[in-house]
Structures are given as C-alpha cells and as structure tokens.
Amino acid sequence: SAKQAQRELVKCSNDKEKQGSFDFIPTKQDLQYAIENKQLILYYQPQINMKTGCVHGAEVLVRWLHPEFGLIFPDKFIALAEQTGLIEQLSEEVIHLAIMQSVYWQKRNKATRLSINISAQNITSLKLPEQLRMLVKEYEIDPSMIVLELTESALMDSEVTSLDIFTRFRLKGFQLSIDDFGTGYSSLSQLHKIPFTELKIDQSFVTNMKQEKESAAIVETCIMLAHKLNMEVVAEGIEDKATWDLLSSEDCDIAQGYYIARPMPAEQFDKWQFKG
Ligand code: C2E
Ligand code: MG
Ligand code: MG
Ligand code: MG
C-alpha cells in the first residue's frame, strides 16, 4: 500500500537523507503530474523553545513521493517549480495539506504552530493571501499559528508589491519569518520596513559557529539584531549539543536541527517527544 511504501522510504531516508532521488531530473510535466496526483507529501521538523524546552512548532517541508524514484527532496524540484510557474500550484497544495494537518492536530488538542515556506512568486499577487484567509476562516484556525517563511534572497526579487502583501498578511494575524538570514543581500532598512515577526539565522553560520569565530560572531549579531527589532530568533541547522549550549547562552529563542530531530511524517511527529 502507499502508506507502507512511505514507511519503507522513511526508514531508508533516515539513514541516508538524499537517497532515492540521485539520477532523476524531473521535467515540468513530471512535476505537474505529481502535484495533480497527490504525490507531494509533507514532513514536519520540530522547533523547540530553548528557554522552556517545549515544542514551539514545526517547519513544514515538502517531499515528492515518486512511485518509481522514491522520496525526492525539494532541492530537486522547487527551483523547477519557480522557473516554470508551477510554484503557485505547488504552494497552494502545500498550504492545503498543512492546513488539513493543522485541523487534525487542533481537534486532538495538539494545536501546533506551523511554519510554511513560500517563494517570491507567491507574493506577487493576492492569490495566496486570499487562499490562506479563506482556509483559516473555514477551518477556524488562529492565523497566529501560521508562520510564512520567505528567504532573504527571495525578498530582493519582488520588493514593491511584496511590502503591501506582507502588510496584509500581518494585518490578518499571520506570522512572518525571514529565512536563511545572512545569505541574501537585503538592506537593513528593508528589513525593518517589512513587518517580520521572526528571523531565522542561516544554517551555514550555525553549523560552523563551534569552530569558526567569524560564524559565531555573525550568529551573535543576528540574535541581538532580531531582539532589538522585536523579532524572535530561530537557529536552524543545530547538529550537536555544543552548538545548542552556545546558542542557549547567547539568548537564542528557538532551536531547529538534526540534534533535536530530522524532518518526519505527521504520524511520526505525533509520537515524537523532545528529550533535551
Ligand atoms: P529551509 O526552509 O531553509 O529548510 C531547512 C532545510 O534544512 C531543510 O531541508 C531541512 O531538512 C534541513 N535541515 C534541518 N536541520 C538540519 C541540520 O541540522 N543539518 C542540516 N545539514 N540540514 C538541516 P529540505 O527539507 O531539503 O528543504 C530545502 C529547502 O527547500 C528549504 O530550506 C526551503 O527553502 C525549500 N522548501 C522546502 N519545502 C518547501 C515548500 O513547501 N515550498 C517552498 N517554496 N520551498 C520549500
Ligand atoms: Mg524554511
Ligand atoms: Mg533556512
Ligand atoms: Mg534553505
């Protein structure tokens, strides 16, 4: 069955994350077929409040469960979706699946804040804000439980319209996060014009902070900057306890990374507990 096939894939993907997708180069038609035929599935990676040790939420990460090639990671198809215009449909599907999962958890008293990645093209029209507004209304979801993540580099592509759209998201109560911070080239003046509620330090700095003074300095500065601008700060890519301890001593708010847990299917997330 599909469930069983997925379980098998999850097992092997835990040993070797990128397995399954090695020599598959999808075309636009492949991806379109996948979206329309429900081959996209969502994984969830826990985020921990470093001060309380409680689960703060989860980041939603899309995967393509291909009947022949197995579990395909987003690095193989997000850029394709962006280049071919399929990103609108893809994001619509991701948001729909994430909201359905959120409804399920809410009904079981496991309401979980979900962080959803969106692309620059998703904020060039009002379609996505409108879809989200209707979904949260229909399913009675608190919009502050939904965080929209946009990478710092995506910001530069579409500055004028996006400012207006971001403001609409915030006015409706959604949270906004700036992802991969430190790798784009957005100016600080732009950063404070857009009503971000959260800053995610790029994982390259986090992964290197233990052995590299420069990375450690960047991480420390990002944490101070975020706090001065009244944003919460997330460190992603935490792979060991030493890095957790460093971040914790630097007053970082939220932690995410393999040290805590890898991204996992919803049923696994249900049973997962943080042993920190
Ligand atoms: P991202 O949003 O920066 O997500 C973090 C990535 O880092 C994820 O890769 C996650 O699995 C990985 N990661 C988490 N903890 C660690 C760690 O401790 N060490 C290392 N080495 N990696 C870690 P993933 O799932 O392959 O996603 C890659 C990128 O694809 C994401 O980067 C995001 O930009 C994009 N993406 C994923 N899902 C979606 C989606 O639904 N829509 C859009 N537009 N983009 C998506
Ligand atoms: Mg992200
Ligand atoms: Mg990131
Ligand atoms: Mg990234």
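Definitions and limits used
- Sequence order as written defines the numbering, with residues in each chain counted from 1.
- Chains and ligands are labelled sequentially in the order written, the chains with letters from A and the ligands with numbers from 1.
- The predicted nature of this model means local features are confined to residues of pLDDT at least 70 and side-chain atom pairs, given and counted, to a pLDDT of 80 or more, with totals for whole chains, interfaces and linings taken over all residues.
- Excluding hydrogens and water, the side-chain figures rest on all heavy atoms present in the structure.
- Only nitrogen, oxygen and sulfur atoms qualify as donors, provided they sit within 2.8 Å of the metal or within 3.2 Å for Na, K and Ca; with water excluded from the atoms, sites may seem incomplete.
- Secondary structure follows DSSP: runs of H or I at least 4 residues long count as helices, runs of E at least 2 residues long count as strands, and numbering of each begins at the N terminus.
- A simple rule labels every residue: compare its accessible area, found with a 1.4 Å probe on the protein chains alone, to the largest value its type can have, and call it buried under 20%, exposed over 50%, or partly exposed in between.
- For a helix, the expected span equals 1.5 Å multiplied by the number of residues minus one.
- Nearness is judged by heavy atoms alone; a residue qualifies as near a molecule or strand once a single heavy atom is within 4 Å of it.
- Each polar contact in these results corresponds to two N or O atoms within 3.5 Å; when the atoms are within protein, one needs to be able to donate a hydrogen and the other to accept it, and residues that are neighboring in sequence are counted only if both atoms are side-chain atoms.
- Computed with the Shrake-Rupley method and a 1.4 Å probe, the accessible areas treat only the protein chains shown as cover for residues.
- Polarity classes work like this: nonpolar for Ala, Val, Leu, Ile, Met, Phe, Trp, Tyr, Cys and Pro, charged for Asp, Glu, Lys and Arg, and polar for all others, with Gly in that last group.
- Note on definitions: a residue-residue contact is assigned when non-hydrogen atoms from the two residues lie within 4.5 Å.
- The term salt bridge refers to a pairing of a side-chain nitrogen on Lys or Arg with a carboxyl oxygen on Asp or Glu at a separation within 4 Å.
- For two strands to count as paired, DSSP must find a minimum of two bridges between them.
- The handedness rule is simple: strands pointing away from the viewer, and a clockwise path from the first strand over the helix to the second, make the crossover right-handed.
- Lines fitted to C-alpha atoms define the axes here, with helix axes fitted over just the stretch in contact, and angles between the N-to-C directions of these axes take values from 0 to 180 degrees.
- The scheme is simple: roughly parallel for angles under 35 degrees, roughly antiparallel for over 145, roughly perpendicular for 65 to 115, oblique for anything else.
- Rotating anticlockwise by less than a right angle from the far helix to the near helix defines a left-handed crossing, while the corresponding clockwise rotation defines a right-handed one.

Caption draft 1: Local environment of the coordination of the magnesium ion (ligand 3). For the magnesium ion (ligand 3), the full set of protein donor atoms is Asp 179 (OD), Asp 180 (OD) and Glu 236 (OE), and the range of their distances to it is 1.8 to 2.3 Å. Read from N- to C-terminus, the donor residues coordinating the magnesium ion (ligand 3) fall into the pattern D-D-x55-E. Metal-to-metal, the separation of the magnesium ion (ligand 3) and the magnesium ion (ligand 2) is 4.2 Å; Asp 179 coordinates the two. Taken together, the residues span a long stretch of sequence, with Asp 179 in strand β6 (residues 175-181) and Glu 236 in strand β8 (residues 232-236) at a distance of 57 residues. Here Asp 179 and Glu 236 have matching classes, each one buried.

Caption draft 2: A look at helix α4 (residues 87-107). Its 21 residues place the ends of α4 30 Å apart at the C-alpha level, agreeing with the 30 Å of an ideal helix rising 1.5 Å per residue. Within the span of α4, buried status applies to Ile 87, Leu 90, Ser 91, Glu 93, Val 94, Ile 95, Ala 98, Ile 99, Gln 101, Ser 102, Val 103 and Trp 105. Count one or two residues on from α4 and you reach Asn 109, which has phi positive near 55°.

Caption draft 3: Seen up close, the site of ligand 1. Taken together, 23 residues sit near ligand 1, with Arg 63, Asn 117, Asp 179, Glu 239 and Tyr 258 positioned nearest. Between ligand 1 and the protein, one listed contact pairs a nitrogen atom with a side-chain N or O atom of Gln 45 at 3.0 Å. One of the side-chain N or O atoms of Ser 119 is found 3.1 Å from a nitrogen atom in ligand 1. Protein contact buries 86% of the 800 Å² of open area that ligand 1 shows by itself. Where the shell around ligand 1 is concerned, the elements lending two or more residues are β2 (55-66) and β6. Residue contributions to the shell around ligand 1 peak at 4 residues, all from β2. Of the residues assigned to the shell around ligand 1, the class counts are 9 nonpolar, 6 polar and 8 charged.

Caption draft 4: Molecular detail of the environment of Ala 111. With respect to the secondary-structure elements, Ala 111 resides in the loop between α4 and β4 (114-117). With near-sequence residues (within four places) excluded, Ala 111 lies in contact with Trp 105, Gln 106 and Met 145.

Caption draft 5: Structural detail: the pattern of salt bridges. Within the structure shown, the criterion is met by 12 salt bridges. Note that Asp 164 is salt-bridged to Arg 168, the shortest N-O span being 3.5 Å. Remark: Arg 168 and Asp 164 occur in helix α7 (residues 159-171); sequence separation between them is 4 residues, near one turn of the helix. Owing to a relative accessible area of 41%, Asp 164 belongs among the partly exposed residues under this scheme. By relative accessible area, which is 33% here, Arg 168 ends up partly exposed.

Caption draft 6: Expanded view of the pairing of strand β7 (residues 198-201). Where burial is concerned, the two faces of β7 agree: the one with Glu 198 and Lys 200 and the one with Leu 199 and Ile 201 are both buried. Pairing between β6 and β7: 3 bridges, direction parallel. By the bridge assignment for β7, Ser 177 is matched with Glu 198. Where the polypeptide runs from β6 across helix α8 (residues 188-193) and back to β7, its parallel neighbour, the crossover connection is right-handed.

Caption draft 7: How the structure looks around the packing of α4 against helix α5 (residues 127-138). Across the interface, α4 lies against α5 with an axial gap of 11 Å and an inter-helix angle of 15°. When the axis of α4 is compared with that of α5, the two are roughly parallel. Read as a crossing pair, α4 and α5 show a hand that is right-handed. Judged by residue contacts, Glu 88, Ser 91, Glu 92, Ile 95, His 96 and Ile 99 of α4 engage Lys 127, Leu 128, Gln 131, Leu 132 and Leu 135 from α5. When grouped by side-chain class, the residues that make up the contact of α4 with α5 number 5 nonpolar, 3 polar and 3 charged.

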